[in-house]
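Observations on chain architecture
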Amino acid sequence: MKKQAKVTQIGLDVHRKFSIAAGRDASHKVLWRERLDHVDRNALSKQLSRWPGQTPVILEGTFGWGWMSDELSAAGLDPHLASSRKVAGWRDTRGLAKSNKIDADLLSELWDQKPRWWEVWLAPQDVRDRRELLRHRMSLVRMQTGVKNRIHALLHRHGIVNEFSDLFGVAGRRFLSLLVNDQQQLRETARRVLKDQLIVLDALRRSIARATRQFRAAINHSEPARRLTSLPGVSTVLAYTIVAEIGRIERFRDARHLLSYSLLAPRADDSGEEREGKPLGRKIGHAGRTTLQWAWIEAAHGAVRKDQRLAAIFNRRTENGQKDRGRGYITVANAMCKIGHAMWKKQTDYQDAPPRRPGDSRSDDSRSDKSADLSRPGTGQPCHPMAACVG
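Residues numbered from 1 in each chain as written. Predicted model: local features only at pLDDT ≥ 70, side-chain atom pairs only at ≥ 80, totals over all residues. Heavy atoms only, no water.

**Describing the pairing of strand E2 (residues 18–24)**
Here is the key point about a regular strand: its side chains alternate between the two faces of the sheet. Summarising burial for E2: 7 of the 7 residues are buried, a large majority. Here E2 shows two buried faces, one formed by Phe18, Ile20, Ala22 and Arg24 and the other by Ser19, Ala21 and Gly23. In this structure, strand E1 (residues 9–14) lies alongside E2, joined through 6 bridges in antiparallel fashion. Within E2, the residue paired with Leu12 across the bridge is Ala21. Between E1 and the antiparallel strand that follows it, E2, lie 3 residues. Sheet analysis places E2 next to strand E3 (residues 30–37), joined by 7 bridges and oriented antiparallel. Within E3, the residue paired with Gly23 across the bridge is Trp32. The antiparallel pairing of E2 with E3 creates a hairpin that spans 5 residues between the two strands, and His28 there sits at a positive phi of about 70 degrees. (Buried < 20%, exposed > 50% of the residue type's maximum accessible area, 1.4 Å probe, protein only. Helix = DSSP H or I, 4+ residues; strand = E, 2+ residues; numbered from the N terminus. Pairing = 2+ DSSP bridges.)

So this is what it looks like as structure tokens:
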């Protein structure tokens, strides 16, 4: 107990069934190591309660960190999350082997590192709950896609051709229901398999619809999500996805940081002498949220059809849709991410026309179409005098 009282920081290497803790004092010396079993939660809580209150505890952002951070907070401790990728790189550069003891000792060292290059955001419970519902619906959609593919494959194996644009629409489902009882086109085994697949598909559809209704209810209670639905191309599902993945907009200093987190910011990866033309090695980063990237790009597909300003960005990048359409959608997603950041930060809805600036004495009738075009898309802010805006 005397050793535990002197502890100033703790490293916690979390596994599925147990964890290894290492405590250090103010002189950076390891005072004790302790094993925590996860089977008995009550015993675990009592064990954590013996640690000094408000002591920073560093654990890696690997599978299972959420419930452990909740247990640490409930015990009056101060949990912090470390990037497992950065910690692994730090361990490798020091030439250390990987073991439970070494990992716990390394994590306990991190608190003294300034600045905190290792730390990543520890999402609170409400954000984790939204993300869990999002992951649940995503898994249901993937299962639904798998069932549909298996039905298509079954029909292909038996040489059954159909002309439906959507085999699983109203007319297509009627066709499949009749096919289940058609002894001439399908043998008994195939008909039984098709019937079971349709039962599974109906169950998945009901679950997806239920999750979507939960999305809609959550958006009605979330002002940022409601505002995002005013952005062209952002549906209920996409708005929920964006809000769940971002969590707290305050943790992003500016739109560039959100772009990087959304995997929409190209980065240069070159060295040596500079060259003319396009830079070599430009690519998006890999440390971020791929689901958030998908949401912005998916929204860009709808926004190009609905909004003239965003369509102009797409046409300029793709030469009116003639080439690099994929990169064109990424460019639009980049612009939409910036707009979404401004909308969330400034608590405003999306506006097709730029709003009047403070101190502007001109009447609405005197505002020409040309002046409306000379603004950054969706922000209502004027362009820089030396920059050309897309109208």
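**A few points about the confidence of the model for the protein**
Mean pLDDT over the protein stands at 87; residues scoring 70 or higher make up 84%. Mean pLDDT across the elements of the protein ranges from a minimum in helix H15 (residues 369–373), with 43, to a maximum in strand E5 (residues 78–82), with 97. A low-confidence stretch, residues 365–391 (pLDDT under 50), is modelled with 45 contacts involving residues beyond four sequence positions or located in other chains. (pLDDT = per-residue confidence, 0-100. Contact = heavy atoms within 4.5 Å.)

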